[in-house]
Amino acid sequence: QVQLVESGGGLVQAGGSLRLSCAASRSTFSRHRMGWYRQTPGKQRELVARIDSGGDTNYADSVKGRFTISKDNAKNTVYLQMDTLQPEDTATYYCYLYTFSDYTDYWGQGTQVTVSS
């Protein structure tokens with residue numbers, strides 16, 4: 001089993017920045033994907049950004065050019081740098097890990113990001 005622990009959420013004004021971190025409880029895996037989803041009340045969870053073990057990245061159109069996902073393999077940690085935040089970015093952000101070896105999803109507990117106008 002793997003635990004994912006998120007940190008870095010909070011309250012920020014529009015135009016500001018935050019960096020989210022997600023640390024996995026053990027070393028990750030031969031082929032995997034980590035990333036971030038977000039969810040607001042009454043809406044489905046949506047992909048924000050993801051990064052594969054090979055380093056390939058993918059972003060939602062709404063965050064391209066503003067958010068950057070990266071990872072530190074030595075620390076088993078993935079980061080989401082969020083710049084030029086807008087009120088519509090307000091959501092609970094969830095970290096996830098997908099392991100291709102056994103087709104398993106792991107999820108963090110979520111961290112709240114609130115952007116005031």
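Residues numbered from 1 in each chain as written. Predicted model: local features only at pLDDT ≥ 70, side-chain atom pairs only at ≥ 80, totals over all residues. Heavy atoms only, no water.

Trainee: Looking at this structure, I do not really get the overall build of the protein chain. What am I missing?
Mentor: On a plain count of helices and strands, the protein chain comes out with zero helices and eleven strands. Each helix and strand of the protein chain, placed in order from N terminus to C terminus, yields the pattern β-β-β-β-β-β-β-β-β-β-β. Its C-alpha radius of gyration of 14 Å places the protein chain within 12% of the 13 Å reference for a compact globule of 117 residues. Seen through its principal axes, the protein chain has C-alpha atoms that stretch 45 × 25 × 25 Å. Relative to its 117 residues, the protein chain shows a buried fraction of 44%. Taking as baseline every contact in the protein chain between residues at least 6 positions apart, the subset at least 24 positions apart corresponds to 54%. For the protein chain, the accessible surface area stands at approximately 6,200 Å², while carbon and sulfur atoms represent 43% of it. Of the charged side chains in the protein chain, 12 are positive and 11 negative; the average position of the first set lies 2 Å away from that of the second. (Helix = DSSP H or I, 4+ residues; strand = E, 2+ residues; numbered from the N terminus. Rg over C-alpha atoms; globule rule 2.2 N^0.38 Å. Buried < 20%, exposed > 50% of the residue type's maximum accessible area, 1.4 Å probe, protein only. Contact = heavy atoms within 4.5 Å. Areas by Shrake-Rupley, 256 points an atom, 1.4 Å probe, with all protein chains shown as cover. Lys, Arg positive; Asp, Glu negative; His and termini not counted. Charge placed at Lys NZ, Arg CZ, Asp CG, Glu CD.)

Trainee: What am I meant to see in the pattern of salt bridges here?
Mentor: When their charged atoms lie close together, side chains carrying opposite charge are able to pair. Counted under the stated rule, the structure contains five salt bridges. Linking Arg-38 and Glu-46 is a salt bridge whose minimum nitrogen-to-oxygen distance equals 2.7 Å. With its nearest N and O atoms 2.8 Å apart, the salt bridge here joins Arg-66 to Asp-89. One end of the pair, Arg-66, is in the loop between strand E6 (57-59) and strand E7 (67-72); the other, Asp-89, is in the loop between strand E8 (77-82) and strand E9 (91-99), and 23 residues separate them in sequence. The exposure classification of Arg-66 matches that of Asp-89, with both residues buried. Several salt bridges share partner residues, and in doing so they unite Arg-38, Glu-46, Arg-66 and Asp-89 into one network. (Salt bridge = Lys/Arg side-chain N within 4 Å of Asp/Glu carboxyl O.)

Trainee: Teacher, can you tell me more about the sheet that holds strand E1 (residues 4-7) here?
Mentor: Strands belonging to one sheet form pairs held by backbone hydrogen bonds; the direction of such a pair is parallel or antiparallel. Ordered in space as E1-E3-E8-E7, the four strands form an open sheet in which the pairing is antiparallel. One side of each edge strand has no neighbouring strand; the edge strands of this open sheet are E1 and E7. Adjacent strand axes in the sheet meet at a mean angle of 15°, parallel and antiparallel pairs treated alike. Of the pairings in the sheet, the one linking E1 to strand E3 (residues 18-24) comprises four bridges and is antiparallel in character. Bridged to Val-5 within E3 is Ala-23. (Pairing = 2+ DSSP bridges. Axes fitted to C-alpha atoms, helices over the stretch in contact; angles between N-to-C directions.)

Trainee: Mind showing me how you'd approach the pairing of E7 here?
Mentor: On a regular strand, each side chain points to the face opposite its neighbour's, so the side chains alternate between the two faces of the sheet. With six bridges connecting them, E7 and E8 associate as antiparallel partners. Its bridge partner lying in E8, Thr-68 is registered against Gln-81. Following E7, the chain reverses through four residues before pairing antiparallel with E8; Asn-76 in that reversal takes a positive phi of roughly 55°.

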